[in-house]
Amino acid sequence: MAVLELLHERNMHPYEMTQIMRERRVDYRVKLRPGSLYHTVERLEAQGIIEIVDTQRQGRRPERTVYGLTEPGRDMFVEQVRAMLGTPGQEYPQFPVALSAANELDQADAVEQLKMRVLSLRAQIAADQVVIDHVLVTQLPAMYWIDYAYVHHQRQSELDWTERLIEDLESGRIAWPDSKPDAVPNLSVVDNNGGRDGDKAS
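Treat the numbers as computed from the prediction; the structure is a model and nothing was measured.

A. Region of the structure containing the overall build of the protein. A count of helices and strands for the protein gives seven helices and two strands. Ordering the α and β elements of the protein from the N terminus gives α-α-α-β-β-α-α-α-α. Residues counted as buried form 23% of the 202 residues belonging to the protein. For the protein, the proportion of contacts with a sequence separation of at least 24, taken over those separated by at least 6, is 56%. Accessible surface, the protein: about 15,100 Å² in total, of which carbon and sulfur atoms supply 53%.

B. How the structure looks around the nonpolar core. One finds V3, L4, L7, M17, M21, V41 and I50 to be the most contacted residues of the largest nonpolar core, which totals 18 residues. Broken down by secondary-structure element, the contributors of at least two residues to this core are α1 (2-9), α2 (14-23), α3 (36-46) and β2 (64-69). When residues of this core are assigned to their parent elements, the largest contribution, five residues, is made by α1. In contact with I50, not counting residues within four places along its chain, are L4, L7, V41, L44, E45, Y67, G68, L69 and T70. Grouped together as the second largest cluster of nonpolar side chains are ten residues, F95, L114, L121 and L169 included.

C. Structural view of the pattern of salt bridges. Under the criterion given, the structure shown has seven salt bridges. Close ionic contact of E79 with R82 constitutes a salt bridge, the shortest N to O distance being 2.6 Å. Placement of both E79 and R82 in helix α4 (residues 71-86) is noted, with a separation of three residues, approximately one turn of the helix. Of the residues examined, E79 reaches a relative accessible area of 45% and is grouped as partly exposed. A salt bridge links R117 to E158; its shortest N-O distance comes to 2.6 Å. With a gap of 41 residues between them, R117 in helix α6 (residues 107-137) and E158 in helix α7 (residues 146-171) connect regions that are remote in the sequence.

D. Highlighting a negative patch on the surface. Taken together, E42, E45, E51, E71 and D75 make up a surface patch of like negative charges. Contributions of two or more residues to the negative patch are made by α3 and α4. Of note, E51 is situated in strand β1 (residues 50-56). Taking relative accessible area as the criterion, E51 reaches 38% and is therefore assigned partly exposed.

E. Main features of the packing of aromatic side chains. Taken as a whole, this structure holds one aromatic pair when the rule is applied. Taking the centre distance of 6.3 Å and the plane angle of 90° together, the rings of F95 and W161 count as edge-to-face. Linking F95 in helix α5 (residues 94-101) with W161 in helix α7, this pair joins segments that are 66 residues apart in sequence. F95 sits in the buried class, given a relative accessible area of 13%. With a relative accessible area of 39%, W161 lands in the partly exposed category.

Rules behind the numbers
Residues numbered from 1 in each chain as written. Predicted model: local features only at pLDDT ≥ 70, side-chain atom pairs only at ≥ 80, totals over all residues. Heavy atoms only, no water. Helix = DSSP H or I, 4+ residues; strand = E, 2+ residues; numbered from the N terminus. Buried < 20%, exposed > 50% of the residue type's maximum accessible area, 1.4 Å probe, protein only. Contact = heavy atoms within 4.5 Å. Areas by Shrake-Rupley, 256 points an atom, 1.4 Å probe, with all protein chains shown as cover. Core = buried A, V, L, I, M, F, W, Y, C linked by side-chain atoms within 4.5 Å. Salt bridge = Lys/Arg side-chain N within 4 Å of Asp/Glu carboxyl O. Patch = residues over 30% accessible without salt bridge, like charges linked within 9 Å, V, L, I, M, F, W, Y side chains within 5 Å. Lys, Arg positive; Asp, Glu negative; His and termini not counted. Charge placed at Lys NZ, Arg CZ, Asp CG, Glu CD. Phe/Tyr/Trp six-rings, centres within 6.5 Å; stacked < 30°, edge-to-face > 60°.

From the geometry alone we can't say anything about function, so treat these as descriptive.
Okay, here's the thing in C-alpha cells:
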C-alpha cells in the first residue's frame, strides 16, 4: 500500500521510494526491511499493478528503473483506500495478548513491566510531539500528516489507560487473581451446549 501511495503521487524508482519513506517516517506504520521494497515492486509489476515507464542513469551510478501505476493499479489503490477508511480492519496487536496472560506473572513483576511500558510510551509520545511541532511551524497541511497524528493519539490513549491500570492494581481496585487451580474462573462466552450464554432453545 505504501508503494502504491507514492506512485499515485508520481512515477519514481525504488531508491527514491525508500528515501521518501524514511523522510516521511513511514517506518512507524509499515515495516521497512532492506531489500523488501524491491521484492514488493517486482511482485506488483508481475501482477500488472505497476509498470516500467522509464530508465534513468546519472553519471557512473547504476541504471535506475522508474515505475508508475497502471490504470488497473490506480483503480485498485483508490478502492483499497475507500475500503480501509470505511471499514474497521481486524488487527492483532500484541498488547491485548500480553494483558490476557499477565496474571501468569507475579503481580509485582507484571506491574513493573507495565511501568516500563509507560516509560517507553512517554518517550515515543515526546518524539512524536517534536515532529508535530515541526510540521505545525512549517504549516504543512494537516492531511499530509494526519496518519502521524492518529498514531500519536493512539499512544496517548494507551498511556492514559495503562497508567490507570497500574493505579488500579497497586490500590487493589483490581484484585490479582488467586493462583490456585480451583480459583481459575470459567471465562467461556459459549455455554457447554454450544450456544451463547443466555440463549435458550425456542
